[in-house]
Amino acid sequence: MDADREKALLGALVAMGPRNLAAVARSLGMPEETVRYKLRRYYERGLVFYAFPDLSKVGLRPYYAELEFSGRWRPSAGQLLQSMSMYSYISYYTGYLTGSWLTAYFSMPYGAGSHLRRLLDEMADMGIIEGYRLRPASWVSYRGVDPEFFDPEAGEWDVDWTRVRPLEELPDRVDYPEEPPRAEFDYYDLAILAELQQDARRPVAEIAERTGVNEKTLAYHFNRHVVGNGIVRKYVLRWWGGSYAKTNTVTYLEMVVSGIRRRDVDELRRRVEALPFAYSSRLLEDGELVYILQAPMPPNYFNQSMTWMRDRLSELGALDAASFRLLDARESASMTVPLELYNRESESWTVKVDELIEKLRAVRAMVEGTPSASPGSGAAEDKGRGPSVASR
């Protein structure tokens, strides 16, 4: 297949998603099996489809937390956050390459933000973290790979910076209002969403086999709720690194613009989200507006990307308001919607913050060597196994 056909196929997949390969094949006049084969090859080269959900449709609202772990707890911070997922609605975390901070995303039930803040306050009182910043997201957006600057057959970027222009159309976003929107969903919808978050290509028949739920039941919920009600907003083609990821050499950049005016947000997005590697953005609101952009890129494009971003921010007069961080891809993880926190009998989300706090206290007592030990004192923790609340 020549390069133009490859890019046409990639563009069709971006437009139609990974679950309608027959339509993709018809639009390009090629056999469906060829499309399936090429999609498998793309995955091998680091192109992966992500199911972009509208969490408000399942009663959840995203929060962005920056956590400063104490020196004693910092080496095992990622493992601790991973083990908290069964109780805390954490959906993603990543460390920074420098410093003691980690970023964590939480998808909390509407009205439960105060419980999350109480959890973080308790973690601070226990000496696990030294401080935190917590803000709700006003909206979240994801942008897929731009076929113009990516060679899908080679699995490599080929960016001509002279052709990178401000976006004519902003990437789709999901808004999260203060008041909970009307949401119609049940356990089956959540089970489907969790499976699609693991693999957006997964057929309903396979989901049925994995979950033990009748296939016809799942097919109804997939068509009526997951698709019909927009629980999955769209499918985004993401570059996760391919051969770079295998050697831990993907550069993950996060840009933060603080104190931006609401009327300037769209123009900022048109400029900076034209970065070929731009993947996700969000707007946080808690007294001031904070815009965050994340972009994974090959390391050989880092200097060019930083120069390009500096120039775009300078054009907007926003350079002094911007800061940049390098994220640690080796200390990051994503979680699906927490099925274990959904009560099927009451058909509602449950909050287990009190239970989690007690488990954290027990873990701290184990690490410190005594229940009354102050942070930073007591016996050293077992280096072979970091602290975990899940195993207790």
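Residues numbered from 1 in each chain as written. Predicted model: local features only at pLDDT ≥ 70, side-chain atom pairs only at ≥ 80, totals over all residues. Heavy atoms only, no water.

J.: How do you make sense of the confidence of the model for the protein when you look at a structure like this?
T.: Any region with low pLDDT has predicted coordinates that should not be read closely. Per-residue confidence for the protein averages 90 on the pLDDT scale, and 92% of its residues sit at or above 70. Low pLDDT, under 50, characterises residues 372-385; the stretch is placed with 24 contacts to residues that sit more than four places away or in other chains. (pLDDT = per-residue confidence, 0-100. Contact = heavy atoms within 4.5 Å.)

J.: I tried to follow the packing of helix α6 (residues 113-125) against helix α13 (residues 353-368) on my own but got confused; where do I start?
T.: A pair of packed helices is captured by two measures, namely the crossing angle of their axes and the spacing between those axes. Direction vectors running N to C along α6 and α13 enclose 15 degrees, while the axes themselves pass 10 Å from each other. Considering their axes alone, α6 and α13 lie roughly parallel with respect to each other. Considering how the two elements wind past one another, α6 and α13 form a crossing that is right-handed. Contacts from H115, R118, L119, E122, M123 and D125 of α6 reach α13 at V353, D354, L356, I357, L360, R361 and R364. Taken together, the residues of the contact of α6 with α13 sort by class into six nonpolar, one polar and six charged. (Axes fitted to C-alpha atoms, helices over the stretch in contact; angles between N-to-C directions. Helix = DSSP H or I, 4+ residues; strand = E, 2+ residues; numbered from the N terminus. Parallel < 35°, antiparallel > 145°, perpendicular 65-115°, else oblique. Left-handed = near helix turned anticlockwise from the far one by under 90°. Nonpolar A, V, L, I, M, F, W, Y, C, P; charged D, E, K, R; others polar.)

J.: Can you walk me through a negative patch on the surface in this structure?
T.: Taken together, the side chains of D151, E156, D158 and D160 present a region of like negative charge at the surface. In this structure, D151 sits in strand β6 (residues 150-151). (Patch = residues over 30% accessible without salt bridge, like charges linked within 9 Å, V, L, I, M, F, W, Y side chains within 5 Å. Areas by Shrake-Rupley, 256 points an atom, 1.4 Å probe, with all protein chains shown as cover. Salt bridge = Lys/Arg side-chain N within 4 Å of Asp/Glu carboxyl O. Lys, Arg positive; Asp, Glu negative; His and termini not counted. Charge placed at Lys NZ, Arg CZ, Asp CG, Glu CD.)

J.: What's the story with the environment of E44 in this structure? I'm lost.
T.: Residue position: E44 is located in helix α3 (residues 32-44). Between the C-alpha atoms of E44 and V58, which are 14 residues apart in sequence, the distance is 32 Å.

J.: Before we go on, may I ask you to explain the side chain of R312 in this structure?
T.: Residue position: R312 is located in helix α12 (residues 302-316). Classification of R312 by relative accessible area gives buried; the value is 16%. Of the polar contacts made by the side chain of R312, one reaches the side chain of E315; its length is 2.8 Å. (Buried < 20%, exposed > 50% of the residue type's maximum accessible area, 1.4 Å probe, protein only. Polar contact = N/O pair within 3.5 Å; in protein donor to acceptor, adjacent residues only side chain to side chain.)

J.: Looking at this model, I keep getting lost on the pattern of salt bridges. Mind explaining?
T.: Opposite charge on two side chains lets them pair, provided their charged atoms get close. Considering all chains together, one arrives at 32 salt bridges under this definition. A salt bridge links E273 to R269; the nearest nitrogen and oxygen atoms lie 2.8 Å apart. Judged by relative accessible area, R269 falls into the buried class, the value being 1%. Notably, a salt bridge pairs R271 with E315, separated by 2.7 Å at the nearest N-O pair. Of the two residues, R271 sits in helix α11 (residues 265-272) while E315 sits in helix α12, which places them 44 residues apart along the sequence. Among the residues examined, E315 registers a relative accessible area of 46% and is labelled partly exposed. One connected set of salt bridges, linked through shared partners, spans E66, R133, R135, E254 and R325.

J.: Whenever I open this one, the environment of P62 confuses me. Can you help?
T.: Here P62 shows up in strand β2 (residues 60-69). For P62 and V272, which are 210 residues apart along the polypeptide, the C-alpha to C-alpha distance reads 23 Å.

J.: Quick question: what am I supposed to make of the pairing of strand β1 (residues 47-53) here?
T.: The side chains of a regular strand alternate, residue by residue, between the two faces of the sheet. Taken across its seven residues, β1 has five buried, putting it largely inside the fold. One ladder, built from seven bridges, connects β1 with strand β9 (residues 232-239); its direction is antiparallel. Considered in β9, the bridge of F49 is made with L237. (Pairing = 2+ DSSP bridges.)

J.: When you look at the packing of aromatic side chains in this model, what are you seeing that I'm missing?
T.: The description of an aromatic ring pair rests on the distance of the ring centres and on the angle between the ring planes. Scanning the entire structure with this criterion turns up 18 aromatic pairs. Ring geometry for F185 against Y342: centres 5.8 Å apart, planes inclined by 50 degrees, an arrangement best described as tilted. In this pair, F185 is assigned in the loop between β8 (173-175) and α7 (187-198) and Y342 in strand β14 (residues 342-343), connecting sequence segments 157 residues apart. The aromatic ring of W101 is capped on one face by R133, whose charged end is 4.5 Å from the ring centroid. The ring of Y43 has R201 lying over it, and the distance from NZ or CZ to the ring centre is 3.6 Å. (Phe/Tyr/Trp six-rings, centres within 6.5 Å; stacked < 30°, edge-to-face > 60°. Lys NZ or Arg CZ within 6 Å of the ring centre and 35° of its normal.)

J.: Is there a simple way to think about the pairing of β2 in this case?
T.: Most of β2 is tucked away, with nine of its ten residues classed as buried. Bridge count for β2 against strand β5 (residues 129-142) is seven bridges, and the pairing is antiparallel. Counterpart to E66 in the pairing with β5 is R133.

J.: Can you walk me through α7 in this structure?
T.: Every α-helical turn comprises 3.6 residues, leaving residues that sit three or four positions apart pointing alike. With twelve residues, α7 extends 17 Å from end C-alpha to end C-alpha; this agrees with the ideal 16 Å at 1.5 Å per step. The set of residues buried in α7 consists of D189, L190, A191, I192, L193, A194, E195 and L196. Looking at the buried residues of α7, the elements they touch are β1, α8 (204-211), α9 (215-227), β9, β14 and β15 (348-349). Capping the start of α7 is the job of one residue whose side-chain oxygen sits 3.1 Å from the backbone nitrogen of Y188: D186. (Expected span 1.5 Å × (residues − 1).)

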